[in-house]
Amino acid sequence: LLQDVGLLSCDAEGTLRMHALVQRCVVDRLTSGGRACSLAAWGTLWRALQNRFVEHVKDDHRGRPRAEMLHASAAALLKSNVLAPLATATLCDALGRLHVQIGGGEHYNAAEPLYTRALAIREAELGPNHPDTATSIWNLAVLHLNVLNHPQQAMRLLERLLSPAMQMPHGL
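Residues numbered from 1 in each chain as written. Predicted model: local features only at pLDDT ≥ 70, side-chain atom pairs only at ≥ 80, totals over all residues. Heavy atoms only, no water.

Novice: Explain the packing of helix α5 (residues 105-126) against helix α6 (residues 131-147) to me, please; I cannot follow it from the model alone.
Specialist: Two numbers describe a pair of packed helices, the interaxial angle and the distance between the axes. Here α5 crosses α6 at 160°, and the two axes come no closer than 8 Å. Taken together, the axes of α5 and α6 are roughly antiparallel relative to one another. Crossing of α5 over α6 shows left-handed handedness. When α5 is examined against α6, the residues Y108, A111, E112, Y115, T116, A118, L119, R122, E123 and L126 are found in contact with a partner set consisting of D132, T133, S136, I137, N139, L140, L143, H144 and V147. A class-by-class count of the residues in the contact of α5 with α6 yields 10 nonpolar, 5 polar and 4 charged. (Axes fitted to C-alpha atoms, helices over the stretch in contact; angles between N-to-C directions. Helix = DSSP H or I, 4+ residues; strand = E, 2+ residues; numbered from the N terminus. Parallel < 35°, antiparallel > 145°, perpendicular 65-115°, else oblique. Left-handed = near helix turned anticlockwise from the far one by under 90°. Contact = heavy atoms within 4.5 Å. Nonpolar A, V, L, I, M, F, W, Y, C, P; charged D, E, K, R; others polar.)

Novice: Is there a simple way to explain helix α7 (residues 151-162) in this structure?
Specialist: Owing to its 3.6 residues per turn, the α-helix brings residues three or four apart onto one side. The first and last C-alpha atoms of α7 sit 16 Å apart over 12 residues, in line with the 16 Å expected at 1.5 Å per residue. Residues A154, L157 and L158 constitute the buried set of α7. Looking straight down α7, one finds that the buried residues subtend no more than 100° of arc, so they occupy a single side. Set apart from the buried face of α7 by more than 90 degrees, the exposed residues are Q152 and R156. Buried positions along α7 lie against α5 and α6. (Expected span 1.5 Å × (residues − 1). Buried < 20%, exposed > 50% of the residue type's maximum accessible area, 1.4 Å probe, protein only. Arc of directions from axis to C-beta.)

Novice: How should the nonpolar core be read in this particular structure?
Specialist: Soluble, globular proteins show a tendency: their nonpolar side chains are buried together. A74, L77, L78, L83, A87, A89, L91, C92, L95, L114, A118 and I121 together form the largest nonpolar core, which totals 12 residues. Mapped onto this core, the elements with two or more residues apiece are α3 (64-80), α4 (85-102) and α5. Among the elements that make up this core, the one with the highest residue count is α4 (5 residues). Beyond its immediate stretch of four places on either side in the chain, I121 contacts P85, L86, T88 and A89. (Core = buried A, V, L, I, M, F, W, Y, C linked by side-chain atoms within 4.5 Å.)

Now the structure itself:
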């Protein structure tokens, strides 16, 4: 229905375009106090965000405008705590990358708790030696070293990656 009236569209590249009014309605619906969305609605939004938001937050900045358009919905979904743990970690990483790409002290500081949350989830769900856990450690270390100027925290994280306890599978 929203596509029929031009309020929502998806172009040939798979970019989801949503009128600002629809965006505000989605955010209001997802963050409203007493009116909870069904898990099916959250699942639908997660699949849309996973296909559009997470994939567009890349280091090359080409997907940044698309990701910024969906940022409010992604943040609301993260705040809801209805995603499976590993989906939450993926969304935390994507939001963290977006904050780093946007830049500035406020955004850099917002990235750190997101990366920390992703790491904690992956350690709990996958264990300390899993490649995805190692990627989370790396993301957080790079943020501390290159962006937040916290070299000692970065070194502690990097030492974890290099420690004999971190037994990575061959080929990594």
